[in-house]
Amino acid sequence: SESSIQDTVKQVLSHDGADASNRSIRLLEHERMKFKFLADISREITFEYVATPEMILLSEWGAESLGMPVKIVDPLENKVWRRMITKEDFAHFVARIKATTPEDSVVSEKYVLTIGGEKKWYKLIAKAMWSDTVPSELEGAIGKIVDVNDETETMEYLEKKADCDSRTGLLNHNAAKSRISARLAESGEKRYALAVFDLDNFKQANDVYGHLFGDEVLEEIARRIRENIRSTDIGARMGGDEFLIFMEYKNSVEPQIQRIFKRLTVKFKEFDVGVSMGIACTENFQGDYEALFRRADTAMYVVKRQKKNAYCFYDEGMEMPGASEWDDGKETR
């Protein structure tokens, strides 16, 4: 590997047209040998990225761990290197390196890499190396590959847990609001509908059959929501016996609403499931999530006041409910 390092140094220097002395070569080689030695004893996968000609130099221990040669020439097109990292991800990482400055030279990114036949999350950390010339030129970078799979999966689990309702496993209202707001902000010509609903006589289910049965009802409604919406739709529990569904539609949303409403209102054990649902659509609507939610909530209030166990689309003639009117014996468990 010493000869390969020396060859690489000479290649880089000759490419730049530099008239380097033997002493300069030895000093540079000495620094790289120190880096290699530290890499080998640390048992970390370390690498050097050479900008011109473009190549990756691995420590001997790193090369052995990855099952690769020490030198990877033209890594973007090298099949061995691309078995570990996709062309797109490596190009992104190199672009990050090239975007550094001598004052801000550290890059850190997470990618899914295939090492030892297993796909896992790894962090690539690199420090860009800039020349002492004026202006400075990027010479390459030194870095390491760190396994962060357990840490990443733990963080993803905690983030998911924070976004989910503990009783039903659906998104909670805050998480749903954030995602729906993002969709509305980039909607363009897409059509969306927000359906909010609660369960009719849910307090009765608790009073007659007990709170454990009430929990079963909530879990069953959540299961029905998951089974009857698409992966691109959003289903959430807002709290108590209140839920929402946010969906995209093409021509008319009513067939989707009819199908979901029918599936939700199937009897569960001894309990006749009734649903009061209000729907607001984004056609001819320029407001934010709060405004859309108020419309759907108003339509749901109209159903609750008139007949229950039905659905209703919002229209401009509807009046918003007053706070004192909006009490149907709800439980906020």
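Residues numbered from 1 in each chain as written. Predicted model: local features only at pLDDT ≥ 70, side-chain atom pairs only at ≥ 80, totals over all residues. Heavy atoms only, no water.

Undergrad: Can you lay out the packing of helix α7 (residues 173-185) against helix α11 (residues 289-306) for me, pointing to particular residues and giving the numbers?
TA: The contact between α7 and α11 brings their axes to 10 Å, and the two run at 110°. Put simply, α7 runs roughly perpendicular to α11. Residue-level contacts link H173, K177, I180, S181 and L184 of α7 to Y289, E290, L292 and F293 of α11. In the contact of α7 with α11, the residues fall into five nonpolar, two polar and two charged. (Axes fitted to C-alpha atoms, helices over the stretch in contact; angles between N-to-C directions. Helix = DSSP H or I, 4+ residues; strand = E, 2+ residues; numbered from the N terminus. Parallel < 35°, antiparallel > 145°, perpendicular 65-115°, else oblique. Contact = heavy atoms within 4.5 Å. Nonpolar A, V, L, I, M, F, W, Y, C, P; charged D, E, K, R; others polar.)

Undergrad: Please give an account of the sheet that holds strand β2 (residues 55-58) that cites residues and values.
TA: Taken in spatial order, the six strands make up an open sheet running β3-β2-β1-β6-β5-β4, and their pairing is antiparallel. Edge strands, defined here as strands with exactly one partner in the open sheet, are β3 (71-73) and β4 (106-115). Strand-to-strand twist in this sheet, taken as the mean axis angle between neighbours without regard to direction, amounts to 25°. Here helix α5 (residues 87-98) sits on the sheet in contact with β1 (45-50), β2, β4, β5 (118-130) and β6 (138-147), set at roughly 165° to β4. (Pairing = 2+ DSSP bridges.)

Undergrad: Kindly report on α7, identifying the contributing residues and their values.
TA: Since one α-helical turn is 3.6 residues long, residues separated by three or four positions face the same way. If you check α7, its first and last C-alpha atoms are 18 Å apart, about what 13 residues at 1.5 Å a residue would give, namely 18 Å. A175, A176, I180 and L184 are the residues of α7 that are buried. For α7, the angular spread of the buried residues around the axis is 165°, confining them to a single face. Across from the buried face of α7, at angles greater than 90 degrees, the exposed residues are N174 and A185. For α7, the side-chain oxygen to backbone nitrogen distance between the N-cap and N174 is 3.3 Å, and the N-cap itself is N172. (Expected span 1.5 Å × (residues − 1). Buried < 20%, exposed > 50% of the residue type's maximum accessible area, 1.4 Å probe, protein only. Arc of directions from axis to C-beta. Polar contact = N/O pair within 3.5 Å; in protein donor to acceptor, adjacent residues only side chain to side chain.)

Undergrad: Give a detailed account of a nonpolar patch on the surface, specifying residues and quantitative values.
TA: A surface patch of nonpolar side chains, amounting to about 320 Å² of accessible area, comprises M155, Y157 and L158. The exposure class assigned to L158 is partly exposed, which follows from its relative accessible area of 44%. (Patch = residues over 30% accessible without salt bridge, like charges linked within 9 Å, V, L, I, M, F, W, Y side chains within 5 Å. Areas by Shrake-Rupley, 256 points an atom, 1.4 Å probe, with all protein chains shown as cover. Salt bridge = Lys/Arg side-chain N within 4 Å of Asp/Glu carboxyl O.)

Undergrad: Explain the nonpolar core residue by residue, including any values.
TA: Core analysis: the largest hydrophobic core is formed by 30 residues, its most contacted members being F197, I221, I225 and M277. Elements with a contribution of two residues or more to this core: β8 (191-200), α8 (202-209), α9 (211-228), β10 (242-249), α10 (254-264) and β11 (274-281). Here this core takes six residues from α9, the largest share from any one element. The residues contacting I225, other than those within four sequence positions of it, are L170, F197, G235, F243, I245 and L264. Formed by 28 residues, the second largest nonpolar core is a distinct cluster that contains M238, Y289, C312 and Y314. (Core = buried A, V, L, I, M, F, W, Y, C linked by side-chain atoms within 4.5 Å.)

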